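Structural overview for review
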Amino acid sequence: MATLVTGSQGFIARRLLSRFLLNYIPLDIQPEHHQNSSRYIQHDIRKPLPEISEVENIVHLAAIAGFKACDENRILAWQVNVEGTRNICEFARRNDVEKLIFASTCACYRNKKYYAVTKLEGEKIVLEYSRKYGFDASVLRFANIYGLGFPYKKTVTALHKFLLQALMNEPITVYGGNQKRDFIYIDDVCRAILYCLNNEVQGIRYVGTRKFTTILELANLIKAIFKHDFNREVVVNRVIDEEIKEKEWTVPKEHYDWDWKARVRLKQGIRNILSTLC
């Protein structure tokens, strides 16, 4: 029996399949690309899934991710993140799948932007199907994920943007600086998924380090690493055009209620990336 992994060409799945998971069936809307699996399935989850034999578990990672992508195409975001998730759950129901792991986001705690709205709706569908049809459901709300292989795009996260600026000998530009983030290394995310596959984890869980870092602290940490490890001076420019206010958010105690813990500290995670690039 195997684990069906949706969104198999994405950032998390590529790491999960290359380093952590052995018996899997990759599924993605894109044609196969360097995923040497005889069972690769090209499929758009907006449509009902075809019959796939020997699926015991599902790791559902396929999504339209990020605030900007969802705001710019709300119809597509709803079709993929909500209706696509319903199609995954229907497949789980029809095939007596034992366990479904759903990738959600910490944005569900702190705002009601459209990305969070679609993920909250996806969570409801997964948990409802789990209650009705008896399969285990783990809903993982990921913190801010970083690591080698993160896709570069216009809305690249602050951590990857700062690293890119430092690598190109450009000043690190910080807007505001007091915004707080919990940065979680990609390997810890993969280990959280693996933990859920191997243990009974029912309901919503938070996947983060529980240590929050301001954006200015992050920039200064990268500056210190470049100075210590590469003897390179990195300039940090802080721009405060206006105060950037963010809603305070907390994680309910029950979302911490499991034995998984992050292993990689932020400084080590950044060094892991740089050791491969430099």
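Described in the following lines is the structure provided in the data block. These figures come from a predicted structure and were not determined experimentally.

1. Regarding the overall build of the chain
- The helix and strand tally for the chain stands at nine helices and 13 strands.
- The globule rule puts the C-alpha radius of gyration for 278 residues at 19 Å, and the 19 Å found for the chain is close to it.
- By residue count, 52% of the 278 residues in the chain fall in the buried class.
- Across the chain, the centroid of the 41 positively charged side chains sits 5 Å from that of the 32 negatively charged ones.

2. What to know about the nonpolar core
- Ile193 and Ile270 are the most contacted members of the largest nonpolar core, which totals 91 residues.
- Leaving out residues up to four positions away in the same chain, Ile193 has contacts with Ile12, Leu16, Val59, Leu61, Ile101, Leu140 and Phe142.

3. Notes on the sheet that holds strand S11 (residues 203–207)
- In spatial order, the strands read S3-S2-S1-S4-S5-S6-S11; together these seven strands make up an open sheet with parallel pairing. With one partner strand each, in any of the chains shown, strand S3 (41–42) and S11 form the two edges of the open sheet.
- Here four bridges tie strand S1 (residues 2–6) to strand S2 (residues 24–28), and the two strands are oriented parallel to one another. Its bridge partner lying in S2, Thr6 is registered against Leu27.
- The sheet contacts of helix H5 (residues 114–133) involve strand S5 (99–105), strand S6 (136–142) and S11, and relative to S5 the element is tilted by about 160°.

4. Considering the pairing of S2
- In terms of burial, S2 is largely enclosed, as four of its five residues are buried.
- Read from S1 through helix H1 (residues 11–19) to S2, the crossover connection turns out right-handed.
- In the sheet, S2 pairs with S3 via two bridges, with the strands oriented parallel. Within S3, the position partnered with Leu27 by the bridge is Ile41.

5. Let's talk about the pattern of salt bridges
- Enumeration over the complete set of coordinates arrives at 13 salt bridges.
- A salt bridge links Glu54 to Arg39, with the shortest nitrogen-to-oxygen separation between them at 3.8 Å. Of this pair, Glu54 sits in the loop between S3 and strand S4 (55–60) while Arg39 sits in the loop between S2 and S3; the two residues are 15 residues apart in sequence, bridging distant segments of the chain.
- Accessibility expressed as a relative area gives 48% for Glu54, which makes it partly exposed.
- Judged by its relative accessible area of 29%, Arg39 falls in the partly exposed class.
- A salt bridge links Glu123 to Arg141, with the nearest nitrogen and oxygen atoms 2.7 Å apart.

6. Some thoughts on the packing of aromatic side chains
- For the structure shown, the criterion picks out 12 aromatic pairs.
- Judged by centre distance (5.4 Å) and plane angle (45°), the ring pair of Tyr129 and Tyr133 falls under tilted. Separated by four residues within a single helix, Tyr129 and Tyr133 lie in helix H5, roughly one turn from each other.
- The class for Tyr133 is partly exposed, based on a relative accessible area of 44%.
- A centroid spacing of 5.7 Å and a plane angle of 80° characterise the contact between Tyr195 and Trp258, whose relative ring orientation is edge-to-face. Here Tyr195, found in helix H7 (residues 186–198), pairs with Trp258, found in the loop between strand S13 (236–239) and helix H9 (266–277); they are 63 residues apart in sequence, far enough to count as distant.
- Judged by its relative accessible area of 21%, Tyr195 falls in the partly exposed class.
- Judged by its relative accessible area of 8%, Trp258 falls in the buried class.

Parameters and conventions
Residues numbered from 1 in each chain as written. Predicted model: local features only at pLDDT ≥ 70, side-chain atom pairs only at ≥ 80, totals over all residues. Heavy atoms only, no water. Helix = DSSP H or I, 4+ residues; strand = E, 2+ residues; numbered from the N terminus. Rg over C-alpha atoms; globule rule 2.2 N^0.38 Å. Buried < 20%, exposed > 50% of the residue type's maximum accessible area, 1.4 Å probe, protein only. Lys, Arg positive; Asp, Glu negative; His and termini not counted. Charge placed at Lys NZ, Arg CZ, Asp CG, Glu CD. Core = buried A, V, L, I, M, F, W, Y, C linked by side-chain atoms within 4.5 Å. Contact = heavy atoms within 4.5 Å. Pairing = 2+ DSSP bridges. Axes fitted to C-alpha atoms, helices over the stretch in contact; angles between N-to-C directions. Right-handed = clockwise from strand over helix to strand, strands pointing away. Salt bridge = Lys/Arg side-chain N within 4 Å of Asp/Glu carboxyl O. Phe/Tyr/Trp six-rings, centres within 6.5 Å; stacked < 30°, edge-to-face > 60°.

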